Amino acid sequence: MTDYKFRFKDALLGAQFLFVAFGALVLMPILCGLDISVALFTAGLGTLIFQLICRQKVVPIFLASSFAFIAPISFAVSKWGLPAAMGGVFFAGLVYSAFSFFVKIKGKSFIDKFLPPIVVGPVIMTIGLVLSPSAVSMAMASGDMLKNYQILNPNFSQNDAMIIAGISLLVTLLCIMFAKGMLKLIPILCGIAAGYIISYFYGIIDFSPVKEAPWFRVPNFTAPKFELDAILYMIPVVIAPIIEHIGNVVAISNVTNYDFTKKPGLHKTLLGDGVATSVAALLAGPPCTTYAEVTGAVRLTKAFNPAIMTWSAFTAILLAFVGKLGALIATIPACVLGGIMILLFGIIASVGMESLIKNSVDMNEPRNMIIIALVLVPALGGMVLDFGFASFSQIGLGAIIGVFLNLILPKSKEKIE
């Protein structure tokens, strides 16, 4: 059931999905030198734009930035400055939108030819598995995270972080399996709440940012600047998130048992991403693309009502302006979120496996084994193909390899006949 039903009782469930995305919503702008409040605002605004464009059949998804943009934006900000980097992102969004019209003209046959299940299935798997090290790192409080916790509690260790992550995960699992009523609908929020309480008793929550933050704070919006070098550098990067997007739409279609590639259609969902990305760039926010983590959360809760994501969007926009509320959420320890992410990323990978099974992909077919192997290993191994003006790695590179091999590798004579 994916009909749009706007109900006030879904507000809390919508907030839960924002918590699912919150770790990367904060991490991505920090790594790229962007303002967190702007990222929250543009993620909410981008989701609303996406829903407006896909209003014929709204997809239950929340928009935030693909990890494929982290390295390019970080480089562009350091080389040309934030305004020029955002100018590049703006044009990347325009190219993203242009691709949607190409898909509309060619139809779904174009997708079936270039992105069949044998390619999309393992790509979905890599979306979950490539992110898994970040989930484990958060759960273990690796590196600087542990040092920050030890400033508050000198005796805090990685084992303590894993205990907190484990409790967050366990409470989530218990709610999924045994909870009744409302708790059944918010297992992730329950897990985060449990982990937060335990973290408080461990003494690793610093409330000073909450005390210092104002109640009302306008995000640091910055206008883009258009420089040719930055634009030419950023445009090729959209190939990776476009392929990720298609994988995510197929994944959410598998989860909800409704084919969103037909209605509203991939051309509409791609256009939604592209327009949202360009609008975000006008405000100095990260690109807005369909967000993999939410797919796992939708599957867990069976919250197929797209209006829930509208509530997520409103919550994100609200947090962008409420300084103390945003600061409070920022105090959630990474190990709490890490415990939840371990589950969600694994579920995303299982959706990719399910895609292969549902479409009866023949694993006795040598070409299929080759395609899957050469999508997974370069992506999971962190292989990088650098052309100087643009580089492709992990999910994007694995997807490109899969598309190329699917086009050139011959099928066995039995299959052709």
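Residues numbered from 1 in each chain as written. Predicted model: local features only at pLDDT ≥ 70, side-chain atom pairs only at ≥ 80, totals over all residues. Heavy atoms only, no water.

1. Digging into the overall build of the protein chain
Reasoning step 1: A count of helices and strands for the protein chain gives 21 helices and four strands.
Reasoning step 2: In terms of overall size, the protein chain behaves like a compact globule, its C-alpha atoms giving a radius of gyration of 21 Å where 417 residues would be expected to give roughly 22 Å.
Reasoning step 3: Residues classed as buried in the protein chain amount to 57% of the 417 residues present.
Reasoning step 4: Expressed as a percentage of contacts within the protein chain between residues at least 6 apart in sequence, the contacts between residues at least 24 apart total 83%.
Reasoning step 5: For the protein chain, the exposed surface amounts to about 17500 Å²; the carbon and sulfur share of it is 68%.
Reasoning step 6: Here the protein chain contributes 27 positive and 20 negative side-chain charges, whose respective centroids are spaced 9 Å apart. (Helix = DSSP H or I, 4+ residues; strand = E, 2+ residues; numbered from the N terminus. Rg over C-alpha atoms; globule rule 2.2 N^0.38 Å. Buried < 20%, exposed > 50% of the residue type's maximum accessible area, 1.4 Å probe, protein only. Contact = heavy atoms within 4.5 Å. Areas by Shrake-Rupley, 256 points an atom, 1.4 Å probe, with all protein chains shown as cover. Lys, Arg positive; Asp, Glu negative; His and termini not counted. Charge placed at Lys NZ, Arg CZ, Asp CG, Glu CD.)

2. Description of helix α6 (residues 117-140)
Reasoning step 1: If you check α6, its first and last C-alpha atoms are 35 Å apart, about what 24 residues at 1.5 Å a residue would give, namely 34 Å.
Reasoning step 2: In the structure, α6 departs most strongly from a straight axis at Ser132, where the bend amounts to approximately 35° and where the proline Pro133 lies between one and four residues downstream.
Reasoning step 3: Within two residues after α6, Ala141 carries a phi angle of roughly 55°, on the positive side. (Expected span 1.5 Å × (residues − 1). Bend = angle between axes of the 7 residues up to and from the residue.)

3. As for the pattern of salt bridges
Reasoning step 1: For the coordinates displayed, the defined rule picks out two salt bridges.
Reasoning step 2: Here Lys225 and Glu227 are joined by a salt bridge, their closest N and O atoms 3.5 Å apart.
Reasoning step 3: Relative accessible area serves as the criterion here: at 24%, Glu227 is assigned to the partly exposed category.
Reasoning step 4: A salt bridge links Glu354 to Lys358, with the shortest nitrogen-to-oxygen separation between them at 4.0 Å. Placement of both Glu354 and Lys358 in helix α18 (residues 334-358) is noted, with a separation of four residues, approximately one turn of the helix.
Reasoning step 5: Overall, Lys358 belongs to the partly exposed group, its relative accessible area being 47%. (Salt bridge = Lys/Arg side-chain N within 4 Å of Asp/Glu carboxyl O.)

4. Here's the deal with the side chain of Lys324
Reasoning step 1: For Lys324, the position within the fold is in helix α17 (residues 323-329).
Reasoning step 2: Despite its burial, Lys324 pairs with no opposite charge; the closest candidate is Glu212, at 9.2 Å N-O.
Reasoning step 3: Looking at Lys324, its side chain comes within polar contact range of the main-chain oxygen of Ala213, at 2.8 Å.
Reasoning step 4: Apart from residues no more than four positions distant in its own chain, Lys324 is found in contact with Val210, Lys211, Ala213, Pro214 and Trp215. (Polar contact = N/O pair within 3.5 Å; in protein donor to acceptor, adjacent residues only side chain to side chain.)

5. Overview of the nonpolar core
If you look at soluble globular proteins, the nonpolar side chains tend to sit buried side by side.
Reasoning step 1: Counting residues in hydrophobic clusters, the biggest one holds 113 residues, and the most contacted among them are Leu25, Phe62, Ile73 and Met234.
Reasoning step 2: Those residues in contact with Met234, other than ones at most four positions away along the chain, are Pro72, Ile73, Ala76, Ala85, Gly88, Val89 and Ala92. (Core = buried A, V, L, I, M, F, W, Y, C linked by side-chain atoms within 4.5 Å.)

6. Topic: unusual backbone geometry
Reasoning step 1: Following Lys263, the chain continues to Pro264 via a peptide bond in cis, the omega torsion being 10°.
Reasoning step 2: Here Pro264 shows up in helix α14 (residues 261-282).
Reasoning step 3: In this model, Ala141 sits at a positive phi of 55°, which is unusual for a non-glycine residue.
Reasoning step 4: Along the polypeptide, Ala141 turns up in the loop between α6 and α7 (144-152).
Reasoning step 5: Judged by relative accessible area, which is 0%, Ala141 ranks as buried.
Reasoning step 6: Despite not being glycine, Ser360 shows a phi value in the positive range, around 50°.
Reasoning step 7: Locating Ser360 in the fold gives a position in the loop between α18 and α19 (366-381).
Reasoning step 8: Accessibility expressed as a relative area gives 61% for Ser360, which makes it exposed.

7. Describing the packing of aromatic side chains
Reasoning step 1: This model, assessed by the stated rule, comprises 13 aromatic pairs.
Reasoning step 2: Taken together, a centroid distance of 5.2 Å and an interplanar angle of 65° make the contact between Phe41 and Phe221 edge-to-face. Here Phe41 is found in helix α2 (residues 36-53), whereas its partner Phe221 is found in the loop between α11 (208-212) and α12 (228-234), with 180 residues between them in sequence.
Reasoning step 3: Overall, Phe221 belongs to the partly exposed group, its relative accessible area being 32%.
Reasoning step 4: Where Tyr149 meets Phe156, the ring centres are 5.5 Å apart and the plane angle is 80°; that geometry is what we call edge-to-face.
Reasoning step 5: Given the relative accessible area of 9%, Tyr149 is considered buried. (Phe/Tyr/Trp six-rings, centres within 6.5 Å; stacked < 30°, edge-to-face > 60°.)

8. Structural notes on helix α16 (residues 307-321)
Reasoning step 1: The end-to-end C-alpha distance of α16 is 22 Å, a good match for the 21 Å that 15 residues give at a rise of 1.5 Å each.
Reasoning step 2: With 12 of its 15 residues buried, α16 lies for the most part within the structure.
Reasoning step 3: Looking at α16, one finds that the buried residues are Ala307, Ile308, Met309, Thr310, Trp311, Ser312, Ala313, Thr315, Ala316, Ile317, Leu319 and Ala320.

9. Some thoughts on the packing of helix α8 (residues 158-178) against helix α10 (residues 187-202)
Reasoning step 1: As a packed pair, α8 and α10 sit with axes 8 Å apart at the nearest point and diverge in direction by 150°. For the element pair α8 / α10, the angle class is roughly antiparallel. α10 is crossed by α8, and the crossing has right-handed handedness. Where α8 abuts α10, its residues Asp160, Ile163, Ile164, Ile167, Ser168, Val171, Thr172, Cys175 and Ile176 lie against Pro187, Ile188, Cys190, Gly191, Ala194, Gly195, Ile198, Ser199 and Tyr202. (Axes fitted to C-alpha atoms, helices over the stretch in contact; angles between N-to-C directions. Parallel < 35°, antiparallel > 145°, perpendicular 65-115°, else oblique. Left-handed = near helix turned anticlockwise from the far one by under 90°.)

10. A short note on the side chain of Thr47
Reasoning step 1: Counting through the fold element by element, Thr47 comes out in helix α2.
Reasoning step 2: In terms of polar contacts, Thr47 uses its side chain to reach the backbone amide nitrogen of Leu63, at 3.0 Å.
Reasoning step 3: Sequence-distant contacts of Thr47, that is, excluding residues within four places in its chain, are made with Ile61, Phe62, Leu63, Met309 and Ala313.

11. Description of the environment of Ile357
Reasoning step 1: Among the secondary structure elements, Ile357 is positioned in helix α18.
Reasoning step 2: Remark: the alpha-carbon pair of Ile357 and Pro117, spanning 240 residues in sequence, is separated by 9.4 Å.

12. Re the environment of Leu228
Reasoning step 1: Mapped onto the secondary structure, Leu228 falls in helix α12.
Reasoning step 2: Spatially, the C-alpha atoms of Leu228 and Ala84 are 8.9 Å apart, while their sequence positions differ by 144 residues.

13. Structural notes on a nonpolar patch on the surface
Reasoning step 1: A grouping of Tyr4, Phe6, Phe8 and Phe314 is seen on the molecular surface, where their side chains present a nonpolar patch of about 450 Å² in accessible area.
Reasoning step 2: Relative to the helices and strands, Phe8 resides in the segment before α1 (11-32).
Reasoning step 3: Judged by relative accessible area, which is 68%, Phe8 ranks as exposed. (Patch = residues over 30% accessible without salt bridge, like charges linked within 9 Å, V, L, I, M, F, W, Y side chains within 5 Å.)

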